[in-house]
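Observations on chain architecture
Given next are the chains, with one letter for each unit.
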Amino acid sequence: MMLPVRRNNWLFWVCALGLCLSCEESKSDQQPKPSPLEKAPKIEEAEPVAAKVKGPPELGLDDISPRVGYSRVVIKEERDRANLRTELAEYKEYLSGKDVPLLVDRKASIRLVTYYLAELGELGVSSVLIRTETRKEYPSELRFVPQKRAAQPTACTPVAMILEDRGTAVWKLSGGVASKRTHGLGGPDLSMTSETLERFLKGCKEDKRLYIAAPEGLGWGLLFDLAASAQTLINVKPDATILLEQLPVPGHKVDL
């Protein structure tokens, strides 16, 4: 008679234990689970963007647009020059009264070079040291004075211009007969033009500067070559080069 009682006790405790485990699992299921956001690692807040570094900006101009430091300035028409003026004005303290370097690509627009020089002149730069790749026998850096900053020229100050057909013309600011040279195989005949430039520079003892100009479609490289060729003259060299803001007519008086 005791065996059945022992068997029933054993079954009782087994059932009781199973019931307790079931209750514990049920309680654990009912406890709230942490949200994914609580488990995710905390993201540190980003540091504030550093302010624009102060100091002289790197100035440049390629076949796309002008650059002032790390900023590009889009200029599609003349009124967009205000955008360039705004960018340059932020660095006025590093530009005014200084000789400022400017890197210009050969394929750059002559019109944009003119705008750049004019805006630097408005800020009061003394001169602009333009660096452009050129022929190996020519200097790759020339001193340009913005037209606005140039001292009053004399009547005999020479003007050199590349023409639409890539020939050249040299005459005096006051006007007169222009000495023209035809183009060579790859562009302007700068060897013959140099002889003419030397004659005009020698004939103007009061002013040894050179004004230059070229139509927009020719590209900056050819015009820079013309100015650079004048620096290889043996007996006389221009003290500075001035890019005319308005395209002149060969032989006519140039109004500044």
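Residues numbered from 1 in each chain as written. Predicted model: local features only at pLDDT ≥ 70, side-chain atom pairs only at ≥ 80, totals over all residues. Heavy atoms only, no water.

**A few points about the overall build of the chain**
Note the following rule: Helix and strand assignments follow DSSP, with helices taken as H or I runs no shorter than four residues and strands as E runs no shorter than two, numbered in order from the N terminus. Think of it in three bands: with a 1.4 Å probe and only protein chains considered, a residue is buried below 20% of the maximum accessible area for its type, exposed above 50%, and partly exposed in between. Residue burial considers only the protein chains on display, and all accessible areas are found by Shrake-Rupley using a 1.4 Å probe.
Helices and strands together make up the secondary structure of the chain, namely 7 helices and 11 strands. By the burial criterion, 43% of the 256 residues in the chain qualify as buried. About 16000 Å² of surface is accessible on the chain, with carbon and sulfur atoms providing 54% of the total.

**Thoughts on the confidence of the model for the chain**
Counted only if it meets this: Per-residue confidence from the predictor is given as pLDDT, running between 0 and 100. Residues count as neighbours in contact if any of their non-hydrogen atoms are within 4.5 Å of one another.
Looking at the chain, pLDDT values average 85 and 79% of them are 70 or higher. Taken as a whole, residues 1–8 scores under 50 in pLDDT and shows 0 contacts with residues more than four places along the chain or in a different chain. Across residues 10–17 the pLDDT falls below 50, and counting only partners more than four positions away or on other chains, this stretch makes 0 contacts in the model.

**Remarks on the state of the cysteines**
Definition in use: Cysteine sulfur atoms that pair up within 2.5 Å are treated as a disulfide.
Scanning the model with the defined rule gives 1 disulfide in all. The residue that forms a disulfide with Cys156 is Cys204, at a sulfur-sulfur distance of 2.1 Å. Taking the torsion about the sulfur-sulfur bond, which here is approximately 65°, the covalent link between Cys156 and Cys204 counts as right-handed. Note that Cys156 is positioned in the loop between strand 6 (141–144) and strand 7 (158–162) and Cys204 in the loop between helix 6 (190–202) and strand 10 (210–213), a separation of 48 residues in sequence.

**Concerning the packing of aromatic side chains**
In plain terms, the rule: The pairing test for Phe, Tyr and Trp rings, Trp by its six-membered ring, is centres within 6.5 Å, and the orientation test on the planes gives stacked under 30 degrees, edge-to-face over 60, and tilted for anything in between.
Inspection of the entire model under this criterion finds 2 aromatic pairs. The interplanar angle of 50° and the centroid separation of 5.8 Å between the aromatic rings of Phe144 and Trp220 together place this pair among those described as tilted. Linking Phe144 in strand 6 with Trp220 in helix 7 (residues 220–230), this pair joins segments that are 76 residues apart in sequence. Take Phe144 and Trp220: they sit in the same class, and that class is buried. Every member of this aromatic cluster is reached through a ring pair, and the members are Phe144, Trp220 and Phe224.

**Some points on the pairing of strand 4 (residues 99–104)**
Quick reminder of the rule: Strands were regarded as paired on the criterion that DSSP finds at least two bridges between them. With the strands aimed away from the viewer, a crossover counts as right-handed if its path from the first strand over the helix to the second runs clockwise.
Because side chains alternate across strand 4, one face comprises the buried residues Val100, Leu102 and Val104, and the other comprises Asp99, Pro101 and Leu103, none of which is buried. Here strand 1 (residues 59–61) pairs with strand 4 via 2 bridges, running parallel. Across the sheet, the residue bridging to Leu61 is Val104, located in strand 4. Where strand 4 lies against strand 5 (residues 127–131), 5 bridges are found, and the strand directions are parallel. Among the inter-strand pairings, Leu103 is bridged to a residue of strand 5, identified as Arg131. For the crossover from strand 4 across helix 5 (residues 110–122) to strand 5, the handedness is right-handed.

**Some remarks on the packing of helix 3 (residues 81–89) against helix 5**
Under the convention used in this document: Each axis is a line fitted through C-alpha atoms, taken for helices only over the stretch in contact, and angles between the N-to-C directions span 0 to 180 degrees. Roughly parallel here means an angle under 35 degrees, roughly antiparallel means over 145, roughly perpendicular means 65 to 115, and every remaining angle is called oblique. Whether a crossing is left-handed or right-handed is set by the direction in which the near helix is turned from the far one by less than a right angle, anticlockwise for left-handed and clockwise for right-handed. Each residue is assigned to one class: nonpolar for Ala, Val, Leu, Ile, Met, Phe, Trp, Tyr, Cys and Pro, charged for Asp, Glu, Lys and Arg, and polar for all the others, Gly among them.
Viewed as axis vectors pointing N to C, helix 3 and helix 5 meet at an angle of 45°, and their least axial separation amounts to 10 Å. What the angle tells us is that helix 3 and helix 5 run oblique. The element helix 3 and its partner helix 5 pack so that their crossing is right-handed. Across the interface between the two elements, Arg81, Leu84, Arg85 and Leu88 of helix 3 pack against Tyr115, Tyr116, Ala118, Glu119 and Leu120 of helix 5. Considered class by class, the residues forming the contact of helix 3 with helix 5 number 6 nonpolar, no polar and 3 charged.

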